[in-house]
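# Architecture at a glance
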Amino acid sequence: MTLSLGKKKLILLYTVILLITSETLLLRLTPNIFPILNSIPLIFAGQILGNNPFFLSLILTNLFFFILYYNDIHIFEINFNLRFFFNFITISFFVYFLFYFLKLNKNKILSDDKVIINLNLLILFFLLAFNFFYFYRIDHQDLHNFILEFFSNVIKNQGLNKQIIDDNIIDFVIRIIPSINAFFLMTFLILNFLVTDLILKKLNFKKNFSLNLKTFSIPKKNFIFFNILILITTFLTGNLK
């Protein structure tokens, strides 16, 4: 059934309102775990919309949150700061490409396992660019002090020697933090996809895409490529390592 232009615009408007209100409520009710849950409304919208209207809804929702951030507008005492906006636009980017890969999967171009592999590669390349152009170029003194205090308290409670902590260990922890974040991002993105499936079933909503995670294999070329990269890193120094 082909929808009229007016109905398509109405569906788009309702989707944007749904995304704005659900993301705002999540931030209000669960601020500490918002980065974990914020992909659920986006995945929900992606499952019931086509790729083009879903893309437009993401653009309009991100534009709305940017206006709130830029004009320092508070809703329900929520500060939509730069950190929130960067987090939301990043997760929107990854969720959109998740559904782009799922569309290729639906058209028999990508297998289920390659959907996950391509998404993983996308996140890794984003992480590489983020580290190289931003994270390793800023001062981490506040983060350094926080980690030092945290480990000092742990060691003090365990009655261990404080000399086991040095700057090299703390610097190493700081450098792997983006990788840990990327791992959690990938993990919770897939878990939220499964959670959204359950929500759609409870609401009797028809979903556009499915993903079978029971059978999964890494192609030999990817396996060799990853291992070559790991080997190369043992010979690198500085930020590139």
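Here we come to the overall build of the protein chain. In terms of regular secondary structure, the protein chain is built from nine helices and two strands. When the helices and strands of the protein chain are listed from N to C terminus, the series reads α-α-α-α-β-β-α-α-α-α-α. Here the C-alpha coordinates of the protein chain stretch approximately 70 × 50 × 35 Å along the principal axes. Considering only contacts within the protein chain whose residues lie at least 6 apart along the sequence, 72% involve residues at least 24 apart. Of the roughly 16,100 Å² of accessible surface on the protein chain, a fraction of 66% belongs to carbon and sulfur atoms.

Take the environment of His-140 next. Relative to the elements of secondary structure, His-140 occurs in the loop between helix 6 (112-133) and helix 7 (141-158). With relative accessibility at 17%, the residue His-140 sits in the buried group. In this structure, the C-alpha to C-alpha distance between His-140 and Arg-175, residues 35 residues apart in sequence, is 10.0 Å. If we ignore the near neighbours within four places in the chain, the residues touching His-140 are Phe-135 and Ile-174.

So, on to a nonpolar patch on the surface. There is a patch of nonpolar side chains on the surface, built from Phe-216, Ile-218, Phe-223, Ile-224, Phe-225, Ile-228, Leu-229 and Ile-232 and spanning about 750 Å² of accessible area. We classify Phe-225 as partly exposed; its relative accessible area is 41%.

Close approach of charged atoms allows side chains with opposite charge to pair. In this structure the tally under the stated criterion is one salt bridge. For the salt bridge of Lys-207 with Asp-197, the shortest nitrogen-to-oxygen distance reads 3.1 Å. One end of the pair, Lys-207, is in the loop between helix 8 (167-203) and helix 9 (220-233); the other, Asp-197, is in helix 8, and 10 residues separate them in sequence. Judged by its relative accessible area of 27%, Lys-207 is partly exposed. Given the relative accessible area of 11%, Asp-197 is considered buried.

What follows deals with the packing of helix 4 (residues 51-70) against helix 5 (residues 82-106). Packed helices, taken two at a time, are described by their axes: the angle between them and the distance between them. The contact between helix 4 and helix 5 brings their axes to 10 Å, and the two run at 175°. Taken as axis vectors, helix 4 and helix 5 run roughly antiparallel relative to one another. Here Asn-51, Phe-54, Phe-55, Leu-58, Thr-61, Asn-62, Phe-65, Phe-66 and Tyr-69 of helix 4 lie close against helix 5, whose contacting residues are Leu-82, Phe-84, Phe-85, Phe-88, Ile-89, Ser-92, Val-95, Tyr-96, Phe-99, Tyr-100 and Lys-103. Residues of the contact of helix 4 with helix 5, tallied by class, amount to 15 nonpolar, four polar and one charged.

Negative phi is the rule for most residues except glycine; trans is the rule for most peptide bonds. At Lys-108, a residue that is not glycine, the phi angle is positive and equals roughly 65°. Its identity as a non-glycine residue notwithstanding, Asn-204 has a phi of 60°, on the positive side. Structurally, Asn-204 can be placed in the loop between helix 8 and helix 9.

On average, residues of the protein chain carry a pLDDT of 82, and 90% of them reach 70 or more. When pLDDT is averaged over each element of the protein chain, helix 3 (residues 39-48) comes out on top at 92 and helix 7 at the bottom at 73.

It is the contact of helix 5 with helix 8, at a shortest axis distance of 12 Å, that shows an interaxial angle of 60°. When the axis of helix 5 is compared with that of helix 8, the two are oblique. Helix 5 and helix 8 meet at a crossing whose hand is right-handed. Where helix 5 abuts helix 8, its residues Ile-91, Phe-94, Val-95, Leu-98, Phe-99 and Leu-102 lie against Leu-185, Leu-189 and Phe-193.

So, about the environment of Tyr-69. The residue Tyr-69 is located in helix 4 in this model. For the pair Tyr-69 and Leu-82, spaced 13 residues apart in sequence, the C-alpha separation works out to 6.5 Å. Residues in contact with Tyr-69, not counting those within four places in the same chain, are Phe-80, Asn-81 and Leu-82.

Right, let's get into the nonpolar core. The biggest cluster of nonpolar side chains holds 40 residues, and the ones touching the most others in it are Phe-65, Val-95, Phe-99, Leu-102 and Leu-119. Those elements that provide at least two residues to this core are helix 1 (5-29), helix 3, helix 4, helix 5, helix 6 and helix 8. Here this core gets 11 residues from one element, more than from any other, and that element is helix 5. Once you skip the residues sitting within four places of it in the chain, Phe-99 turns out to touch Leu-42, Ile-43, Gly-46, Gln-47, Asn-51, Phe-54, Phe-193 and Phe-209. If you look at the next biggest cluster of nonpolar residues, it comprises five residues, including Phe-135, Tyr-136, Ile-147 and Ile-170.

The rules behind each value
Residues numbered from 1 in each chain as written. Predicted model: local features only at pLDDT ≥ 70, side-chain atom pairs only at ≥ 80, totals over all residues. Heavy atoms only, no water. Helix = DSSP H or I, 4+ residues; strand = E, 2+ residues; numbered from the N terminus. Contact = heavy atoms within 4.5 Å. Areas by Shrake-Rupley, 256 points an atom, 1.4 Å probe, with all protein chains shown as cover. Buried < 20%, exposed > 50% of the residue type's maximum accessible area, 1.4 Å probe, protein only. Patch = residues over 30% accessible without salt bridge, like charges linked within 9 Å, V, L, I, M, F, W, Y side chains within 5 Å. Salt bridge = Lys/Arg side-chain N within 4 Å of Asp/Glu carboxyl O. Axes fitted to C-alpha atoms, helices over the stretch in contact; angles between N-to-C directions. Parallel < 35°, antiparallel > 145°, perpendicular 65-115°, else oblique. Nonpolar A, V, L, I, M, F, W, Y, C, P; charged D, E, K, R; others polar. pLDDT = per-residue confidence, 0-100. Left-handed = near helix turned anticlockwise from the far one by under 90°. Core = buried A, V, L, I, M, F, W, Y, C linked by side-chain atoms within 4.5 Å.

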